[in-house]
Every structure is written in C-alpha cells, then in structure tokens.
Amino acid sequence: MKASKFTIYTFAVAFTFIGLGCHIVKVRYAKMQEQKHPTKPNIIQPVRNATQAYIMRFHKVAQTEQQKYGIPASITLAQGILESGVGRSKLASKHNNHFGIKCWCKGRQHDCVPMADDSPNDRFKRYPSAWQSYRHHSQFVLKMPLKVSRGANYKQWAKALKRAGYATKRTY
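Attention here is on the structure that accompanies the text. (Residues numbered from 1 in each chain as written. Predicted model: local features only at pLDDT ≥ 70, side-chain atom pairs only at ≥ 80, totals over all residues. Heavy atoms only, no water.)

## Details of the nonpolar core
Within the largest apolar cluster, 24 residues are counted, with the highest numbers of intra-cluster contacts made by Tyr54, Tyr134, Val141, Leu146, Trp157 and Leu161. Those elements that provide at least two residues to this core are helix H2 (50-69), helix H3 (73-84), helix H5 (130-142) and helix H6 (154-164). Here this core gets five residues from one element, more than from any other, and that element is H2. When neighbours within four sequence positions are excluded, Leu146 is seen to be in contact with Val141, Trp157, Ala160, Leu161 and Ala164. (Core = buried A, V, L, I, M, F, W, Y, C linked by side-chain atoms within 4.5 Å. Buried < 20%, exposed > 50% of the residue type's maximum accessible area, 1.4 Å probe, protein only. Helix = DSSP H or I, 4+ residues; strand = E, 2+ residues; numbered from the N terminus. Contact = heavy atoms within 4.5 Å.)

## Considerations on the pattern of salt bridges
Evaluation of the coordinates by the stated rule reveals two salt bridges. Between Arg135 and Glu65 there is a salt bridge, with its nearest N and O atoms 2.8 Å apart. Note that Arg135 is positioned in helix H5 and Glu65 in helix H2, a separation of 70 residues in sequence. The burial state of Arg135 is the same as that of Glu65; both residues are buried. Among the salt bridges present, the one from Lys102 reaches Asp122, with a minimum N-O distance of 3.5 Å. Of this pair, Lys102 sits in the loop between helix H4 (90-95) and strand S1 (112-114) while Asp122 sits in the loop between S1 and strand S2 (123-125), placing them 20 residues apart in sequence. (Salt bridge = Lys/Arg side-chain N within 4 Å of Asp/Glu carboxyl O.)

Below is the structure:
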C-alpha cells in the first residue's frame, strides 16, 4: 500500500513537471515566432514602448490640429515626443506642457511654472489639459515666420521650424 501511494505521488510530481516544461516550451516558441514574424501593433496588441504609447494617445489630437491648422500631424507628434520626453517630463506630466512653450508675458503668473532651461529664471506655460497644449502649439507655430507652403511635407516643415527658430538649442 505504501509503495503504491509513493508511486502515485511520484507520477503526479513527474506529470506536473512535464506539463510545466511543455508550457515553457510553448511560450518560448511563441516569442521566437513573434521575433521572426512581427505583427503590426493595433488596439488589441500591447504597446511595445513609450513612443508608441505616446503616439497612440495623441495621434487623433494631432490629426485634428492638422485638419484645422495645416501643420502635419507627424511634425506635431514628433515635437511633442521630443519636447516632452514622450510625455514623461515634469513639464508635460505635471503641467500638460508637451511642447516646452515658455511664458513671455509678466501679467498672468498663475499660468506659468518657473523652471530652469536656458536661464535659471525661465517660466513655462501651464495648461489645464494636454489638448490645450496641442492647440496652443498649433497657434504658436502659425504665428512664426515660417517659409513653408501649405502642402509641404514633413521634411520641409522640420527645416522651416528650425530656420524660424522654434527651439533655442542649436542641435534641435
């Protein structure tokens, strides 16, 4: 009797290990197949990195701004990704400023956040929502002396923004 209980117990343990081993092999095989044949990300699949997450979160806002103001959504998203550190910068995460837009007037101090950038006394706009940051960015860009046609591609837009002095860093 004792031998049969031991045999059953041993069989159960062995069966469990074999089952776990098979599961591990299946998971590894699936990962290997995914690397060989990656699928395009969609709403059902998980986002693979922070940049994709940022794009998925704000692409419709950028497209709306493109329809209203003519600025390519790819340019708006690229600037948002760069300026906000994919939405993780303190300015973006706490104050909804995704484009590093500074406060230039002294009057409305409650809309501004002190933060060192080019100088220790710089002040940046604070927005109630990210959408308002995107809208202000569109309006701000259109007030710049851009020499770009309305149907220009993203490369022409990027060069025009650099020439117009959008960013204060020379490597922008």
